Amino acid sequence: MSLIIDRLSCSLGKHRVLHDLAGMKARPGEITALIGPNGAGKSTLLRAIAGIETASGHMTLDGQALETLSLGQRTRKLYYLPQDTSTQAALSVFEAVLLARRTQVAEPADTALSMVEKALKSLELEPLAERELAALSGGQRQRVAIAQAIVRRPRLLMLDEPTSALDLHHQLQVLDYLQRLARQEDVVIIIAIHDLNLAARFADHLWVVKEGQHLVSGCPGEVLTPQRLREIYAIEADVEWPPDSPPRITPRSATHRLGS
Amino acid sequence: MKSITIQPQTTAADTTVGRYLARRRRQRWLIAATTLATLVSLLLDIATGPGSYSLSDVMKALLTPSEVSRVLQVVVWDIRLPVALMAIVVGASLAIAGAQMQTLLNNPLADPFTLGISSAASFGAALAIVLGFGVLPVAGTLLLTGNAFVLAMLASLMIWGLSRLRGVSVQTMVLMGIAIMFFFNALLGMLQYVASAESLQQLVFWSLGSLNKASWGKVGLAGLTLVVTIPLFVRARWQLTALRLGDVQAQAMGVDVGRLRLRMLLCCALLSATAVAFVGTIGFVGLVGPHIARLLVGEDQRAFLPMSALTGALILSLTSILSKTLIPGILLPIGILTALIGLPFFVSLILRSRKEIWR
């Protein structure tokens, strides 16, 4: 009962972005962090799984082949939260979160409203419920987008840089929440993330992609080593795993050109 | 002695759900108030015009036609009512088309006028007036209307066809709409250059927009287009609202953005082509109506769609009254007035939203 990528390729126009990715597995109840340098194909991979980019190959969610499902059928099971959530829409925060639920299921209004209320509460968004999206800061919009993801109750939740615009308090709050969500609801969660300290702290499993290829997968202790970081990011870094505190990854210097 | 603590009570209105429901109620009240204002405007529009009939005479003619003179019956039922209703129907059609074009193309300046649909219709009308050429095998006044309709649909289909090309962004579609406008304006200019003085006058009058040639048949057809398209927009209300969050977020919510855009643009094309074919080019209603609606009720389509239709209808109905009363004894072309009233609004809109447009 998990997401398995057997074989996946994807091109954007004439440019091939993902090259036969294989052997990637994300389990329910866990957070899988997707890491890799800029332009590695992280967002394209998440979009290909979501059905937003056309891809070829084979992948399964809970044993069901995803490529056989239409966009509508796929998005009833999974949800992709893009990195760019900027909008000028004249919609209130409450309306925007309700919209995420109503585009998925038709249900009694009371059920949808109470789900929205719960999601807003869990992300401390209640004071902003009547504010228009266009009037929110980047970080506030990112939290609204996470609330939109939550109300859809997906089996697989993919978030593209969900903490990039958040302050330290909200970074921890959101990742704590996602960790609880994965554990309690048995959801498969994949997060594309650049902050390796957060990845080391919250992820149970890591996928590494570079230049459109699957470099390695494994638990943070296996993947986040100085040798691997040199290979992935072309950096020299100190990696510490103190027994009573979160892991620490300190980049010291860039070694050579990363490539295109 | 025990102290008594009074807990602050949370009422339903204090919760986020309560406040959301209050917002919905406010939206419904605004829609109801605008409906009422539109009905009042409709009555005033019927009551104004050449011939000194009081409002009570007109009301009597509407409610109990058999109790008024034959002349008043004809004035109210055969002349004024079709014109007044046409203002409502065309105003609503243009505003809905404008609202959805702005939503579909993610551009606050999109409307049938700025995307070249009106220019194409004017060229169609010019073909009939100047050359006597008909695109459809019809004659008489239908020649002009038929041409305008076919050319307006053609311009819409050009935008529609363009949107089917892979990799074409909505910004490109808007720019192509502007190119279409210039293209048909150039063709129109060519016909104006070779036209006789009489044809030129007729063409200028048509292109200024007029409700005066409205008949029950035309009102019926324009109304039918509204009746056919509105349920399609209502059915897609959540998807259309989701589109305002951007294509990727809408797709993540399961919206087939490409298909939705094509279907809804076709509906917009039908609405604007019908409106322009019957009344000529009436600018700014399709632009200003949706913007007022957006300011009043936001962009949740459950409120935005009816509010856009109503503001468009109200604006054109009020302009119709103004066109008859501004200079006593002279009926001003309605297109001139909508442009004059709309221009300051248009400029303020550009100044306010230029960051958004060029984002």
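Residues numbered from 1 in each chain as written. Chains lettered and ligands numbered in written order. Predicted model: local features only at pLDDT ≥ 70, side-chain atom pairs only at ≥ 80, totals over all residues.

### Section: the overall build of chain A
Within chain A, the secondary structure is distributed over nine helices and 13 strands. Relative to a compact globule of 260 residues, whose C-alpha radius of gyration would be 18 Å, chain A shows 18 Å and is just as compact. With respect to the principal axes defined by its C-alpha atoms, chain A has extents near 55 × 40 × 35 Å. Within chain A, contacts between residues at least 6 apart in sequence are counted, and of these 66% link residues at least 24 apart. (Helix = DSSP H or I, 4+ residues; strand = E, 2+ residues; numbered from the N terminus. Rg over C-alpha atoms; globule rule 2.2 N^0.38 Å. Contact = placed C-beta atoms within 7 Å.)

### Quick word on the overall build of chain B
Each helix and strand in chain B was counted, giving 14 helices and zero strands. The N-to-C order of helical and strand elements in chain B reads α-α-α-α-α-α-α-α-α-α-α-α-α-α. Here the C-alpha radius of gyration of chain B, 23 Å, is about what a compact globule of 359 residues would show, namely 21 Å. With the C-alpha coordinates aligned to their principal axes, the bounding extent of chain B is approximately 100 × 60 × 35 Å. Looking at chain B residue by residue over its 359 residues, the buried ones come to 48%. For chain B, the proportion of contacts with a sequence separation of at least 24, taken over those separated by at least 6, is 76%. (Buried ≥ 20, exposed ≤ 12 C-beta atoms within 10 Å, placed from the backbone.)

### Brief notes about the interface of chain A and chain B
With 31 residues of chain A in contact, the opposing surface of chain B contributes 27 residues. Mapped onto the side of chain A that touches chain B, the elements with two or more residues apiece are α2 (71-77), β7 (78-81), α3 (93-102) and α4 (109-122) of chain A. The element that contributes the greatest number of residues to the side of chain A that touches chain B is α3 of chain A, accounting for five residues. Residue composition of the side of chain A that touches chain B, by class: 16 nonpolar, nine polar and six charged. (Nonpolar A, V, L, I, M, F, W, Y, C, P; charged D, E, K, R; others polar.)

### Focus on the confidence of the model for chain B
Of all residues in chain B, 92% have pLDDT values of 70 or greater, and the mean over the chain is 87. Throughout residues 354-359 of chain B the model reports pLDDT below 50, and contacts reaching past four residues in sequence, or to other chains, amount to five contacts. (pLDDT = per-residue confidence, 0-100.)

### Quick notes on helix α7 (residues 197-207) of chain B
Residue and element names in this part refer to chain B. Regarding α7, the residues found buried are Leu 203, Trp 206 and Ser 207. One side of α7 carries all its buried residues, which in axial view fall inside an arc of 90°. For α7, exposure combined with an orientation more than 90 degrees from the buried face picks out Ala 197, Glu 198 and Gln 201. For α7, the elements touching its buried residues are α4 (117-131) and α6 (170-194). A positive backbone phi angle near 85° is found at Gly 209, which sits one or two residues after α7. (Arc of directions from axis to C-beta.)

### Here we look at the sheet that holds strand β10 (residues 205-210) of chain A
In a beta sheet, neighbouring strands are held together by backbone hydrogen bonds and run either parallel or antiparallel to one another. Residue and element names in this part refer to chain A. Taken in spatial order, the six strands line up as β7-β8-β9-β4-β10-β11 in an open sheet, and their pairing is mixed. The two strands at the open ends of the sheet, each matched to only one other strand, are β7 and β11 (213-218). Sheet twist, expressed as the average angle between the axes of neighbouring strands with direction ignored, equals 15°. Together, β4 (31-35), β7, β8 (156-160), β9 (188-192) and β10 form the strand contacts of helix α1 (residues 42-50), whose direction differs from that of β8 by roughly 150°. (Pairing = 2+ DSSP bridges. Axes fitted to C-alpha atoms, helices over the stretch in contact; angles between N-to-C directions.)

### A short note on the packing of α4 of chain A against helix α5 (residues 138-151) of chain A
Residue and element names in this part refer to chain A. Interaxial distance between α4 and α5 falls to 9 Å at its minimum, and their mutual angle equals 135°. It follows from the interaxial angle that α4 and α5 lie oblique. At the point where α4 passes α5, the crossing takes the right-handed sense. Contacts from Met 115, Val 116, Ala 119 and Leu 120 in α4 reach Ala 147, Ile 150 and Val 151 in α5. Taken together, the residues that form the contact of α4 with α5 break down as seven nonpolar, no polar and no charged. (Parallel < 35°, antiparallel > 145°, perpendicular 65-115°, else oblique. Left-handed = near helix turned anticlockwise from the far one by under 90°.)

### Brief notes about the packing of helix α3 (residues 70-104) of chain B against helix α8 (residues 216-235) of chain B
Residues and elements named next belong to chain B. Put simply, α3 and α8 touch, their axes get as near as 10 Å, and they point 30° apart. Considered as vectors, α3 and α8 are oriented roughly parallel to each other. For the element pair α3 and α8, the recorded crossing hand is left-handed. Touching Pro 82, Leu 85, Met 86, Val 89, Val 90, Ala 92, Ser 93, Ile 96 and Gln 100 of α3 are Trp 216, Lys 218, Val 219, Ala 222, Gly 223, Thr 225, Leu 226 and Phe 233, all from α8. Its residues placed into classes, the contact of α3 with α8 shows twelve nonpolar, four polar and one charged.

### Looking at the nonpolar core
Membership of the largest hydrophobic core comes to 194 residues, with the highest contact counts inside it found for Val 97 and Met 158 of chain A together with Met 86, Val 90 and Ala 152 of chain B. At 19 residues, the largest contribution of residues to this core is made by α3 of chain B. Here Met 158 of chain A is in contact with Leu 46, Ile 49, Ala 50, Leu 78, Tyr 80, Leu 81 and Ile 190 of chain A, once residues within four sequence places are set aside. (Core = buried A, V, L, I, M, F, W, Y, C linked by C-beta atoms within 7 Å.)

### A look at the pairing of β9 of chain A
Regular strands have side chains that alternate between both faces of the sheet. All names here are of chain A. Counting buried residues in β9 gives five out of five residues, a clear majority hidden from the surface. Where β4 lies against β9, four bridges are found, and the strand directions are parallel. The residue bridging Ile 31 from the neighbouring strand is Ile 189, located in β9. Across five bridges, the pairing between β8 and β9 is parallel. Directly across from Leu 159, in β9, lies its bridge partner Ile 191. Remark: the β8/helix α6 (residues 168-185)/β9 crossover connection has right-handed handedness. (Right-handed = clockwise from strand over helix to strand, strands pointing away.)

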